[in-house]
Amino acid sequence: MYRTMAHHPALLKAWAPLRQHLVKDSSLGAARSELVILRAAHRMGSPYEWAHHVSRARKLGVSDARIQAMCGLPDGEDGLIARAVDALFDDKRLPHDVESLLAATIGKEAVFDLMATVGFYLTLGFILMTFDTPLDEGVASEIAERPL
């Protein structure tokens, strides 16, 4: 990803602080953030984002079954996350009922972080897919050895 983004150093420099917030400091927390990204990667059809975030989610202890469920409509909170991501893709907004339920479940700031995460990874997916960015070698090996 960085090799691709390095073709536009100013954009990469501007990108870094938002990525830091969304990946490391998000009020979603690490596991929820990965689930949001996985659902967005699935909806977008971004193989780079999907594989890299399967790897990241596994490192956080998210089970393969839970990861794979993000390709469908999982139960509980994961299902709510999937519905929210789908609404952003399909309707370009969160319906009031979904936003209210999310806010009650994960908090208002996390709702903002969820929306920002989807937008960020949608943009990143555009870049990575346009320039056919290959999987990092270690991630490609992991996925080949441990496919879902």
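Data block above holds the structure.
What comes next is a walk through the structure. All residue numbers here refer to positions counted from 1 along the written sequence of the relevant chain. With the structure being a predicted model, the display of local features is reserved for residues of pLDDT at least 70 and the display and counting of side-chain atom pairs for 80 or more, all residues being used for whole-chain, interface and lining totals. With hydrogens and water set aside, each side-chain value is computed from the structure's full complement of heavy atoms.

**Section: the packing of helix α6 (residues 76-91) against helix α8 (residues 108-130)**
An axis is simply a line fitted to the C-alpha atoms; with a helix, the fit covers only the stretch in contact. Between two such axes, the angle follows the N-to-C directions and lies from 0 to 180 degrees. Each helix corresponds to a stretch of at least 4 residues labelled H or I by DSSP, and each strand to a stretch of at least 2 residues labelled E; elements are numbered beginning at the N terminus. The N-to-C vectors of α6 and α8 enclose an angle of 55°; their axes lie 10 Å apart at closest approach. As summarised for this structure, α6 and α8 are arranged oblique, according to the angle between their axes. Handedness of the crossing formed by α6 with α8: right-handed. Along the contact surface, α6 presents Ala 84, Val 85, Leu 88 and Phe 89, while α8 presents Leu 114, Met 115, Val 118 and Leu 122. Across the contact of α6 with α8, the residue classes break down as 8 nonpolar, no polar and no charged. Between 65 and 115 degrees an angle is taken as roughly perpendicular, under 35 as roughly parallel, over 145 as roughly antiparallel, and anywhere else as oblique. Here is the rule for handedness: rotate from the far helix to the near one, and if that takes an anticlockwise turn smaller than a right angle the crossing is left-handed, while a clockwise turn gives right-handed. Note on definitions: a residue-residue contact is assigned when non-hydrogen atoms from the two residues lie within 4.5 Å. Each residue receives one of three labels: charged for Asp, Glu, Lys and Arg, nonpolar for Ala, Val, Leu, Ile, Met, Phe, Trp, Tyr, Cys and Pro, and polar for the others, Gly being one of them.

**What about unusual backbone geometry?**
Although it is not a glycine, Lys 92 sits at a positive phi angle of roughly 65°. Summarising the element assignment, Lys 92 is placed in the loop between α6 and α7 (96-106). Positive phi, close to 45°, is recorded for Asp 132, a residue that is not glycine. Among the secondary structure elements, Asp 132 is positioned in the loop between α8 and α9 (137-145).

**Examining the pattern of salt bridges**
Whenever a carboxyl oxygen of Asp or Glu lies within 4 Å of a side-chain nitrogen of Lys or Arg, that contact is scored as a salt bridge. Counting across every chain of the model gives 11 salt bridges. With a closest N to O distance of 3.0 Å, Glu 34 and Arg 56 form a salt bridge. Within this pair, whereas Glu 34 is found in helix α3 (residues 30-44), its partner Arg 56 is found in helix α4 (residues 47-59), the two being separated by 22 residues in sequence. Partly exposed describes any residue whose relative accessible area lies between the buried limit of under 20% and the exposed limit of over 50%, with all areas from a 1.4 Å probe on protein chains only and scaled to the type maximum. A relative accessible area of 28% means that Arg 56 is categorised as partly exposed. Between Asp 86 and Arg 43 there is a salt bridge; the shortest N-O distance is 2.9 Å. Placement of Asp 86 in helix α6 and of Arg 43 in helix α3 is noted, with a sequence separation of 43 residues between them. The partly exposed category is assigned to Arg 43, whose relative accessible area is 30%. Overlapping salt bridges, with partners in common, bring together Arg 39, Arg 43, Asp 86 and Asp 90 in one network.

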